[in-house]
Amino acid sequence: MFAKKIAAYAILGSMLAFGSAQAHEFKLGQIEIGHPYSRAMLPMAKVGGGYFKITNNGPADRLVSVKSERAESVELHEMKMNGAVMEMRELDGGIAIPAKTTVELKPGSYHLMFMNVQQPFKEGEMVKATLVFEKAGSVDVEFAVGPVAGDKGSEAHAGHGR
Ligand SMILES: [Cu+2]
């Protein structure tokens, strides 16, 4: 009986792993979360980014907050050019997701910041988080951690290096 249970879990586990490597997409009602990913962090780094695509096939909604056990808090940020200066700010009101549109969180634009991370993200691991929408509710997702950001990525997160 016990052995059977273990075998069942093992199969389920490998299916989940396979599924996330292939499609790596999450659904919440009419909202699709495409390919959440992050970057490996340097050993002393405390802050990590988070990126994904939100496809909203339903009515207007809003990404209001994000939680993760891997961070003290997760902030929603926006990056914008102000003249020649790249500026970053926290979005207190969340990120608006208009009806029937796709909003992309990516370097140099909207993104998540995992704040005060105790165990730096490592390449190849999956970081769990929960996205909370104003109307649709919340959905658990996993961020695939890729290699340490190159020149482009690190410039996208200039000012976060503390
Ligand atoms: Cu930021």
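This text gives an overview of the structure that appears in the document.

What about the overall build of the protein?
Then comes step 1: Assigned secondary structure in the protein consists of two helices and eleven strands.
Then comes step 2: When the helices and strands of the protein are placed in sequence order, the string is α-β-β-β-β-β-β-β-β-β-β-β-α.
Then comes step 3: In the protein, which comprises 162 residues, the share counted as buried stands at 39%.
Then comes step 4: In the protein, of all internal contacts separated by at least 6 residues, the share reaching a separation of at least 24 is 67%.
Then comes step 5: For the protein, the exposed surface amounts to about 9,600 Å²; the carbon and sulfur share of it is 57%.

Remarks on the pattern of salt bridges
Then comes step 1: What the rule picks out here adds up to three salt bridges.
Then comes step 2: The residue E125 makes a salt bridge to R70 at a minimum N-O spacing of 3.1 Å. Separated by 55 residues along the polypeptide, E125 in the loop between β9 (111-115) and β10 (126-133) and R70 in the loop between β4 (61-67) and β5 (73-82) bring together distant segments of the chain.
Then comes step 3: The exposure class assigned to E125 is partly exposed, which follows from its relative accessible area of 21%.

Section: unusual backbone geometry
Then comes step 1: Positive phi outside glycine occurs at K100, with the angle close to 55°.
Then comes step 2: Within the secondary structure layout, K100 lies in the loop between β7 (95-97) and β8 (101-105).
Then comes step 3: Relative accessible area serves as the criterion here: at 65%, K100 is assigned to the exposed category.
Then comes step 4: Phi at N116 is positive, roughly 55°, even though this residue is not glycine.
Then comes step 5: Mapped onto the secondary structure, N116 falls in the loop between β9 and β10.
Then comes step 6: Residue N116 is classed as partly exposed on the basis of its relative accessible area of 30%.

A closer look at the pairing of strand β2 (residues 31-39)
Then comes step 1: The sheet contact formed by strand β1 (residues 25-28) and β2 spans four bridges and is antiparallel. Opposite F26, over in β2, you have I33 as the bridge partner.
Then comes step 2: Taking the residues that link successive antiparallel strands as the turn, the β1-β2 hairpin has two residues, and the phi of G29 there is positive, at about 55°.
Then comes step 3: Where β2 meets strand β3 (residues 48-56), five bridges bridge the pair, whose relative direction is antiparallel. Pairing of I33 across the sheet is with I54, part of β3.
Then comes step 4: Here β2 runs beside strand β11 (residues 137-146); their pairing, made up of three bridges, is parallel. Residue S38 lies in a different strand from β11, and its bridge partner there is V145.

Cut-offs and rules
Residues numbered from 1 in each chain as written. Predicted model: local features only at pLDDT ≥ 70, side-chain atom pairs only at ≥ 80, totals over all residues. Heavy atoms only, no water. Helix = DSSP H or I, 4+ residues; strand = E, 2+ residues; numbered from the N terminus. Buried < 20%, exposed > 50% of the residue type's maximum accessible area, 1.4 Å probe, protein only. Contact = heavy atoms within 4.5 Å. Areas by Shrake-Rupley, 256 points an atom, 1.4 Å probe, with all protein chains shown as cover. Salt bridge = Lys/Arg side-chain N within 4 Å of Asp/Glu carboxyl O. Pairing = 2+ DSSP bridges.

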